[in-house]
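Observations on the model geometry
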Amino acid sequence: MVNLWWAVPAAVAAFLAGRRPGRTRSTMLALGALVSVGVVALSVVPGWLPRGSRFVAVVVVATMLPWFAGRFWRQYQELVRAGWERAEQLQREQRLVADEARLRERARIAQDMHDVLGHDLSLIALSAGALKLAPGLDEHHRQAAGDIRARAAAAVERLGEVIGVLREETEDAPTRPSGSGLAHLTAEASASGLMVELHVDGEADGLPTVAERAAHRVVQEALTNIAKHAPGAKATIHVTHTPTETKVVVENGPPSSTATIQPPGGGRGLIGLDERVRLAGGSFEYGPSEGGFAVLARIPRTPPSQLPPPTTPPTSPPGSELLPGHRRARRRVRRALLATVMLPLLTGALLSGALTGWEMLTASQSVLEPGDYARLRVGQDRSELERLLPNRQTSHRPLAPEPRGHGTTCEYYAMTADRFDDRSGDAYRLCFRDSTLVSLDALTP
């Protein structure tokens, strides 16, 4: 009934079928139908019962296990593909976030430059107006002073129009220095409840406006992040001025255990600071430090002729952000792996148990008691023996030559149904010719 050579192509076909996308219902129905047909065939034809183990091997090893292995392989490939797609999406999102943060910071820089240049141009216009009204000035000099004043006023207007296009309307907090610089900024943070200390080494005389604004922006953003993500922590600001550069370090310790911590943002502020410092010709670093966080900016007094390239934002740690589809794919792979291992084992165990039970039931109905066997005599008619013979014949047929002759048939009956009995597998053979008993034999395998 079952040729084991068919197991190889059956396993290949089952594996390829498992790799195909689609629902599993049709395949499960086909496997159920195959098992049902095999069970019915074994129950209808008792002579096939010894081959039941081969049938179980084909169903489990050559069909179910390869199919579930193909299913698991396909879902694993889907998970890997979903992981790469998610990684690419995260990289695209991070690049977009970084580009947006850099554009925002450039808009802030443009606003700062508008304030500085607008103030200088306004002073030029005022000086030109005063010069125009000075007594004893020649007419052509007076006219030139008026032209200077008009051109300066027009330049202020055009500068305001250009910066207005770049200005972010959604910006809530002021980003330009106010008051007396870092000292005033530190005093405002302390007044709002933040524990902060400022340490300044060296003199800031001759510090370019771009460097001054960049240092102020670094401290401002760092204090804002401390207030958001490390409330109750102590902040320390170290500013060191040297003849070649200005070094700004803002550190904070761990947050207070009773404070409410806001969830981390997208890192736009730090990316913006990096862009601000980069455009000033410096370098910017940040990261965890002694249980807290620290930012470090080095801003040269004289910007280099070629600015450093923009830095790539750090990648999110694996598993920090998983799409729902990726999570579902991981769950499907876990279920497929469990099914690949457990279902064939359970099916094999159930089929083996069912075959064993069926064999025991069949064996119990095919036992010819030794006393009944002793009452049989050669020459008796088949009808006289009906009440002594079991309902079924045993499926175990010892290898022994049968009597030959026209109309000769042999029947086999088990000596015991106990698998642990020494006589298990032994059988009685009764041979009839034209319904007459012609031989009695007790056979052992």
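Residues numbered from 1 in each chain as written. Predicted model: local features only at pLDDT ≥ 70, side-chain atom pairs only at ≥ 80, totals over all residues. Heavy atoms only, no water.

**What about the confidence of the model for the protein chain?**
Stated precisely, the cut-off is as follows: On a scale of 0 to 100, pLDDT captures the predictor's confidence in every residue. Only heavy atoms enter the contact rule, under which two residues are in contact if any of them lie within 4.5 Å.
Taken residue by residue, the protein chain gives an average pLDDT of 76. The fraction at 70 or more is 71%. This model gives residues 172-179 a pLDDT under 50, and the stretch forms 15 contacts once residues within four places in sequence are excluded. In the predicted structure, residues 316-322 sits below a pLDDT of 50 and forms seven contacts with residues beyond four places in sequence or in another chain.

**So, the environment of Ser366**
Cut-off, in case you're wondering: Put simply, DSSP H or I for four residues or longer makes a helix, DSSP E for two residues or longer makes a strand, and each gets a number counted from the N terminus.
Take Ser366: it is sitting in the loop between helix H8 (324-364) and helix H9 (370-374). On a C-alpha basis, the gap between Ser366 and Arg392 in space is 4.7 Å, while along the polypeptide they are 26 residues apart. Apart from residues lying up to four places away in sequence, Ser366 is in contact with Pro390, Arg392, Gln393, Thr394, Tyr413 and Ala414.

**What to know about the packing of aromatic side chains**
Given two aromatic rings, one states the distance between the centres and the angle between the planes to describe the pair. Condition: Centre distance within 6.5 Å is the pairing criterion for rings of Phe, Tyr and Trp, where only the six-membered ring of Trp is used; planes under 30 degrees apart are then read as stacked, over 60 as edge-to-face, and the remainder as tilted. Throughout this description, buried means an accessible area under 20% of the type-specific maximum (1.4 Å probe, protein chains only), exposed means over 50%, and partly exposed covers the range between.
Inspection of the entire model under this criterion finds three aromatic pairs. With centroids separated by 5.7 Å and ring planes inclined at 40°, the aromatic side chains of Phe284 and Tyr286 adopt a geometry described as tilted. With relative accessibility at 10%, the residue Phe284 sits in the buried group.

**What to know about the state of the cysteines**
Selection rule: In this description, the term disulfide denotes a pair of cysteine sulfurs within 2.5 Å.
Counted according to the given criterion, the structure contains one disulfide. Paired by a disulfide, Cys410 and Cys431 hold their sulfur atoms 2.2 Å apart. Handedness of the Cys410-Cys431 disulfide follows from its S-S torsion of about 100°: it is right-handed. Taken together, the residues Cys410 in strand S6 (residues 408-414) and Cys431 in strand S7 (residues 427-433) connect sequence positions 21 residues apart. There is no split in this pair, since Cys410 and Cys431 are both buried.

**Observations concerning helix H5 (residues 182-191)**
Stated formally: Note that the arc is computed from the directions linking the helix axis to the C-beta atoms.
Those residues of H5 that sit buried are Leu182, Leu185, Thr186 and Ala189. Viewed along the axis of H5, the buried residues span an arc of 100°, placing them on a single side of the element. On its buried face, H5 sits against strand S1 (196-201), helix H6 (209-229) and strand S2 (235-241). Looking one or two places after H5, you find Gly193, whose phi comes out positive at around 105°.

**Brief notes about the pattern of salt bridges**
This is how the line gets drawn: Any Lys or Arg side-chain nitrogen found within 4 Å of a carboxyl oxygen on Asp or Glu counts as a salt bridge.
Inspection of every chain in the model, using the stated rule, returns eight salt bridges. The salt bridge partner of Arg217 is Glu221, with a shortest N-O separation of 3.2 Å. Taken as a pair, Arg217 and Glu221 lie in helix H6 at a separation of four residues, close to a single helical turn. We note that Arg217, like Glu221, is buried.

**Details of the sheet that holds strand S8 (residues 436-443)**
Test applied: Any two strands with at least two DSSP-identified bridges between them are counted as paired. Each axis is a line fitted through C-alpha atoms, taken for helices only over the stretch in contact, and angles between the N-to-C directions span 0 to 180 degrees.
Pairing in this open sheet of three strands is antiparallel, and the strands run S6-S7-S8 from one edge to the other. Only two strands of the sheet have a single partner each, and these edge strands are S6 and S8. Averaged over all pairs of adjacent strands, the angle between their axes in this sheet comes to 20°, without regard to strand direction. Examined bridge by bridge, S7 and S8 share seven bridges and lie antiparallel to one another. Bridging from a neighbouring strand, Arg433 pairs with Thr436 of S8.

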